[in-house]
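Residues per chain are reported as follows:
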Amino acid sequence: MAPDQRNTSKPAFAHARAQGRGQGRKPARQRGDALPPGEGWIWGRHAVLAALANPKRALLSLHVTRNSAKDLDEAMRSRIEARIEEPSDISARLPDTAVHQGFALKAKALDAEPVQAVLNPTHGLLVVLDQITDPHNVGAIFRSAAAFGARAIIMQDRKSPPLFGTVCKSAVGCAEKVGHVEVTNIADTLKSFRDEGRFVIGLAGEAEMSLAAAVQTGADTMGRTTGLVIVLGSEDKGLRPRVADHCDVLARIPMGPKAESLNVSNAAAVALYEASRHDPRINPA
């Protein structure tokens, strides 16, 4: 990477700092029994119905109100028997902040895909989360990834929230529809992507190249944008230096003077839309 494209200590993201919604919050008080590793709660109408419709999600117990049970189709009912409960009983099983809408599902974690399954540039656009920890942001990024045709989301195995609870609620069911890959080292993974012919764009506010120019460069280099990799930095510090060094280019989202920053999930949506403009599956010529 050219020296003027390297990351700096400035914690900017997409022209400004990516601010996490959950920073400074006290953790929600947990109610009910603690669950063993690999199990968790999913709540909210869209999130639960999507999980019930996902054959890859192992189901443990389903709790719904009498009115909510009307939304369960025969296929869902055949997978698991629903327990009809009062809203207060469902609330008692979940964190204080959970808005369950009459739906709560205890389930197993989704299996991550191996990185080898997404190496090939023809397999589709990838999104890499460099230590993004706020579950609202991660869920919203899953939703944008589904909307704009991303193949998978790449996350660090020790620095990412599990695909339960707030992530699934914020994803509005899309956590069940976009694959995810867990890796130990983000920088080494980016090197593997580049070695396979993918074009890696890291979002950083201090970059000179615009996002549109970076996407166009990637499209010209590969003849497509389905092989792009969009890398998003953490809510407070942006891209880590070594991660930035393993991108083909760093790019910024041009912004007017009235706003200092974009939330990381908003920036992800902008970046994914820009990439989709060159994707014939989303915008056929």
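For the structure, check the block above.
A. Region of interest: the sheet that holds strand S4 (residues 103-108). Pairing in this open sheet of four strands is mixed, and the strands run S1-S4-S2-S3 from one edge to the other. Every other strand in the sheet has two partners, leaving strand S1 (39-43) and strand S3 (82-84) as the edge strands with one partner each. Each adjacent strand pair in this sheet contributes to an overall mean axis angle of 20°, direction not counted. Where strand S2 (residues 59-64) meets S4, five bridges bridge the pair, whose relative direction is antiparallel. Within S4, the position partnered with Leu59 by the bridge is Ala107. In this fold helix H1 (residues 45-52) packs onto S1, S2 and S4, with an angle of close to 40° to the strand it touches most, S4.

B. Looking closely at the pattern of salt bridges. What the rule picks out here adds up to 11 salt bridges. Here Arg45 makes a salt bridge to Asp71, at a shortest N to O gap of 3.0 Å. Separated by 26 residues along the polypeptide, Arg45 in helix H1 and Asp71 in the loop between S2 and helix H2 (74-79) bring together distant segments of the chain. Look at Arg45 and you get partly exposed, because its relative accessible area is 31%. We classify Asp71 as partly exposed; its relative accessible area is 35%.

C. Representation of the packing of helix H4 (residues 135-147) against helix H9 (residues 264-276) in the model. Where H4 contacts H9, the two axes come as close as 8 Å, and the packing angle between them is 15°. Our classification of the angle between H4 and H9 gives roughly parallel. As H4 runs across H9, the sense of the crossing is right-handed. Residues Asn137, Ala140, Ile141, Ser144 and Ala145 of H4 touch H9, and the partners they reach there are Val264, Ser265, Ala268, Ala269 and Leu272. Looking at the contact of H4 with H9 residue by residue, the class counts come to seven nonpolar, three polar and no charged.

D. Summary view of the environment of Arg224. Within the secondary structure layout, Arg224 lies in the loop between helix H7 (211-222) and strand S10 (228-232). We classify Arg224 as partly exposed; its relative accessible area is 30%. Sequence-wise, Arg224 and Ala275 are 51 residues apart; in three dimensions their C-alpha atoms are separated by 9.7 Å. Other than its neighbours up to four places away in sequence, Arg224 contacts Pro121, Thr122, Gly218 and Ala219.

E. Geometry of the side chain of Asp130. On the secondary structure map, Asp130 appears in the loop between strand S5 (126-129) and H4. By relative accessible area, Asp130 is classed as buried at 1%. Among the polar contacts listed, one links the side chain of Asp130 to the side chain of Arg240, at a separation of 2.6 Å. Beyond its immediate stretch of four places on either side in the chain, Asp130 contacts Ile186, Leu232, Gly233, Ser234, Gly238, Leu239, Arg240 and Val243.

F. Fine view of the environment of Val64. Relative to the assigned elements, Val64 resides in strand S2. Sequence-distant contacts of Val64, that is, excluding residues within four places in its chain, are made with Ala69, Leu72, Ala82, Arg83, Ile84, Glu85, Ile90, Gly102 and Phe103.

G. Structural context of the packing of H7 against H9. Between H7 and H9, the least distance of the axes is 10 Å, while the angle of their chain directions is 40°. With respect to H9, the element H7 is oriented oblique. As H7 runs across H9, the sense of the crossing is right-handed. Residue-level contacts link Leu211, Ala212 and Val215 of H7 to Val270, Ala271, Glu274 and Ala275 of H9.

About the criteria used
- Each chain carries its own residue numbering, running from 1 in the direction its sequence is written.
- In keeping with the model being predicted, local features are shown solely for residues with a pLDDT of at least 70 and side-chain atom pairs are shown and tallied solely at 80 or more, while totals for entire chains, interfaces and linings include all residues.
- Hydrogens are left out, water is left out, and the side-chain values use all remaining heavy atoms of the structure.
- At least two DSSP bridges between two strands are needed for those strands to be called paired.
- Numbering of helices and strands runs from the N terminus, with a helix taken as a DSSP run of H or I at least four residues long and a strand as a DSSP run of E at least two residues long.
- Every axis corresponds to a line fitted to the C-alpha atoms, with the helix fit spanning only the stretch in contact, and the corresponding angles, defined between N-to-C directions, vary from 0 to 180 degrees.
- Whether two residues are in contact is decided by their heavy atoms, any of which lying within 4.5 Å being enough.
- Each reported salt bridge corresponds to a side-chain nitrogen of Lys or Arg within 4 Å of a carboxyl oxygen of Asp or Glu.
- A 1.4 Å probe rolled over the protein chains alone gives each residue an accessible area, and that area as a share of the maximum for its type sets the label: buried under 20%, exposed over 50%, partly exposed in between.
- In what follows, roughly perpendicular refers to angles from 65 to 115 degrees, roughly parallel to angles under 35, roughly antiparallel to angles over 145, and oblique to any angle outside these ranges.
- The crossing is said to be left-handed when, going from far helix to near helix, the turn is anticlockwise and less than a right angle, and right-handed when the turn is clockwise.
- Think of it as three bins: nonpolar holds Ala, Val, Leu, Ile, Met, Phe, Trp, Tyr, Cys and Pro, charged holds Asp, Glu, Lys and Arg, and polar takes everything else, Gly as well.
- For the purposes of these results, a polar contact is taken to be a pair of N or O atoms within 3.5 Å, where, inside protein, one atom must be able to donate a hydrogen and its partner to accept one; residues adjacent in sequence count only when each atom of the pair is a side-chain atom.

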